[in-house]
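# Fold and geometry: a report
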Amino acid sequence: SQQGEEDPQALSIQEGENATMNCSYKTSINNLQWYRQNSGRGLVHLILIRSNEREKHSGRLRVTLDTSKKSSSLLITASRAADTASYFCANGANSGYALNFGKGTSLLVTP
Amino acid sequence: EAGVAQSPRYKIIEKRQSVAFWCNPISGHATLYWYQQILGQGPKLLIQFQNNGVVDDSQLPKDRFSAERLKGVDSTLKIQPAKLEDSAVYLCASSLSPGQGWGYTFGSGTRLTVV
């Protein structure tokens, strides 16, 4: 399978704390993306990092990529209750560049 | 810009019945995807279209699932006959430039329950 694997499967923190999620993948990639999914809703694109980049920031999000270890991490700083959601990493390793998703990390941020 | 539209939002059917889902992608997006997301798992690609041609349907259970995108715009995904294990959310997505890795937009999905 070309799917990535997120770790941990579930994470519970308090508002204001930082949340770190990790993703590992198996094949060579052009880019890696992170998505958020609120319960019962569609997927929302958060951030994309290309294979020649090592770190990228967007607001409270920080993504790192280590292609030698085939891994990525997503850091959410100063978390809020509204960050409660499932987070997925995805890579477009297919020949048609369709996204392959991992199983996700379920994040719970309590007030 | 309008998002990816999907209907219906929810569907409950009995096993062995048939069901169809509809998707209208973002205008100008040549690439369209159908994903199946079982509860607690990540989305799994079922089929990818480029305009009205199939790019990848390797994970589509072709004995019961079919999909078409006749005019290169809207798409329908059909299941016939449905099984209990088909209960899932079916997500449609479209993209402008998948090779560049950006421009993927997902619809809100259709939640299918097979009883």
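Small disclaimer: the values here were computed from a predicted structure and weren't measured. (Residues numbered from 1 in each chain as written. Chains lettered and ligands numbered in written order. Predicted model: local features only at pLDDT ≥ 70, side-chain atom pairs only at ≥ 80, totals over all residues. Heavy atoms only, no water.)

### Focus on the pairing of strand S3 (residues 19–24) of chain A
Residue and element names in this part refer to chain A. Stated formally: Note on exposure labels: buried denotes an accessible area under 20% of the residue type's maximum, exposed denotes more than 50%, and partly exposed covers the range between, all computed with a 1.4 Å probe on protein chains only. Under the DSSP-based scheme used, a helix requires at least four consecutive residues in state H or I and a strand at least two consecutive residues in state E, with every element numbered from the N terminus. Here the rule is simple: two strands pair whenever DSSP picks up at least two bridges between them.
Only one face of S3 is covered, namely the face carrying Ala 19, Met 21 and Cys 23; the face carrying Thr 20, Asn 22 and Ser 24 is uncovered. Relative to S3, strand S1 (residues 5–7) runs antiparallel, the two sharing three bridges. Of the residues in S3, the one forming a bridge with Glu 5 is Ser 24. Where S3 meets strand S8 (residues 71–76), six bridges bridge the pair, whose relative direction is antiparallel. Pairing of Thr 20 across the sheet is with Leu 75, part of S8.

### Regarding the confidence of the model for chain A
Just so we agree on the cut-off: For every residue, the predictor assigns a confidence score, pLDDT, that lies between 0 and 100.
Per-residue pLDDT for chain A averages 90, and the proportion of residues at 70 or more is 92%. Ranking the elements of chain A by mean pLDDT puts S1(A) last, at 84, and strand S7 (residues 61–66) of chain A first, at 97.

### Digging into the pattern of salt bridges
All names here are of chain B. To keep things clear, this is the line we draw: Each reported salt bridge corresponds to a side-chain nitrogen of Lys or Arg within 4 Å of a carboxyl oxygen of Asp or Glu.
This structure, assessed with the given rule, holds four salt bridges over all chains. Here Arg 64 makes a salt bridge to Asp 86, at a shortest N to O gap of 2.5 Å. Of this pair, Arg 64 sits in the loop between strand S6 (53–56) and strand S7 (65–68) while Asp 86 sits in the loop between strand S8 (75–79) and strand S9 (88–95), placing them 22 residues apart in sequence. An identical accessibility class is assigned to Arg 64 and Asp 86; each is buried.

### Regarding the state of the cysteines
Selection criterion: In this description, a disulfide is simply a cysteine sulfur pair whose atoms lie within 2.5 Å.
Inspection of every chain in the model, using the stated rule, returns two disulfides over all chains. In this model, A:Cys23 is linked to A:Cys89 through a disulfide, with the two sulfur atoms separated by 2.0 Å. Handedness here is read from the sign of the S-S torsion; for A:Cys23 and A:Cys89, about 70°, the answer is right-handed. Of this pair, A:Cys23 sits in strand S3 while A:Cys89 sits in strand S9 (residues 85–91), placing them 66 residues apart in sequence. Its relative accessible area of 2% is what places A:Cys23 among the buried residues. Across a sulfur-sulfur distance of 1.9 Å, B:Cys23 and B:Cys92 are joined as a disulfide pair. In this structure the cystine formed by B:Cys23 and B:Cys92 twists about its S-S bond by roughly -70°; its chirality is therefore left-handed.

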